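Residue strings, one per chain:
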Amino acid sequence: MSFTHKYTFCSVCNVHEDVKPLLNDVEQKKLLHNIYIGKVNKRILPIPLYLQISKELSTKLNNGYDDKENEAVLNPFYENIHHFSAAKTYHLISECESQRANGSKLVSEKTFIDKVGATVTDFLDDYLFSEGEHSKQVGVMTKKWHNVVKRKTVPFLEYVTMKDGRVRPAHVLLDGIIRSANDAFWNTFYPPNGWMCRCKTSATKEGSETDLTDFDTEDAKYNTPKEFRYNFSKEEIVFPKDHPYFTVPNADKAFARKNFRLPIPDFK
């Protein structure tokens, strides 16, 4: 399975991020040992790990939203995060489990750990960091969306970049576009529009809509990753249904529909 986002190093803006590992060395060694001996597998997923992932992403979402009086707005987003975290756990364990044998022969535990160490780091450190930052940004933009669109406080939104050297070229082309808050433009281009996207919107009561006659919408869509051609805030999700984690083999689809037999946590 291929994953299209790499996290600690951004190829667009050349920035490194400091990533805190989700598991310490002892916890990671125990997880890999349990996978190796078959105690943990894609049909018996580790509940504590799933809960850690879900809580990490939920906390980031909540930190971005930062509105205790209207926290109920986030309930469907939390549900989406829980399902995403279950799918993420499933794919991590499946990937590791597939490395236990070389053909029909079981490899040594040391060889197994050496082979899958980078996979665990990718899933639980690098990927999770970017997924967490995305969750936080969705929280930030959902607060804006709720205040502007749900409460109908202002008629226009303007796309705003950070206007620095880190802004990706595709987002520079969106900078300054003004459309009514309920315009279809925002169904595709409401931020975030990519991993580690820092773009936002500015609400305004006065002004006029940008003429998009010469705006190449299809080109703009092409330069927006498929999994970001959404208004996450409007659709009340953090991760879309076409994210790679939600794709499972046919034999496991019924299992996936039951959240991989993992409990829905009661924390927000």
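Residues numbered from 1 in each chain as written. Predicted model: local features only at pLDDT ≥ 70, side-chain atom pairs only at ≥ 80, totals over all residues. Heavy atoms only, no water.

Draft legend 1. Representation of the nonpolar core. Grouped together as the largest cluster of nonpolar side chains are 49 residues, with contacts concentrated most on Leu124 and Phe260. Elements represented by at least two residues in this core include exactly helix 1 (25-36), helix 2 (47-65), helix 3 (75-97) and helix 4 (109-150). Here the element with the most residues in this core is helix 3; it accounts for 10 residues. Residue contacts for Phe260: discarding those within four places in its chain leaves Leu45, Ala86, Ala87, Tyr90, Val248 and Phe255. Judged by nonpolar contacts, the second largest core, of 17 residues, contains Trp145, Trp186, Phe189 and Phe215. (Core = buried A, V, L, I, M, F, W, Y, C linked by side-chain atoms within 4.5 Å. Buried < 20%, exposed > 50% of the residue type's maximum accessible area, 1.4 Å probe, protein only. Helix = DSSP H or I, 4+ residues; strand = E, 2+ residues; numbered from the N terminus. Contact = heavy atoms within 4.5 Å.)

Draft legend 2. Structural view of the pattern of salt bridges. In this structure the tally under the stated criterion is nine salt bridges. The partner of Lys42 in a salt bridge is Asp252, with the nearest N and O atoms 3.3 Å apart. Taken as a pair, Lys42 in the loop between helix 1 and helix 2 and Asp252 in the loop between helix 8 (232-235) and helix 9 (253-257) lie far apart in primary sequence, 210 residues in all. By relative accessible area, which is 3% here, Asp252 ends up buried. A salt bridge links Asp252 to Arg43; its shortest N-O distance comes to 2.5 Å. Remark: Arg43 occurs in the loop between helix 1 and helix 2 and Asp252 occurs in the loop between helix 8 and helix 9; sequence separation between them is 209 residues. A relative accessible area of 35% places Arg43 in the partly exposed class. One network of salt bridges, in which partners are shared, links Lys42, Arg43 and Asp252. (Salt bridge = Lys/Arg side-chain N within 4 Å of Asp/Glu carboxyl O.)

Draft legend 3. Inspection of the side chain of Glu131 at higher detail. Considering the arrangement of structural elements, one finds Glu131 in helix 4. Engagement of the side chain of Glu131 in a polar contact is seen with the side chain of Tyr245, the distance being 3.0 Å. (Polar contact = N/O pair within 3.5 Å; in protein donor to acceptor, adjacent residues only side chain to side chain.)

Draft legend 4. The state of the cysteines, seen in detail. Going through the model one piece at a time under the given rule, you end up with zero disulfides. Looking at Cys197, it has no disulfide partner, and the nearest cysteine sulfur is the one in Cys199, 3.7 Å off. A relative accessible area of 6% places Cys197 in the buried class. (Disulfide = S-S within 2.5 Å.)

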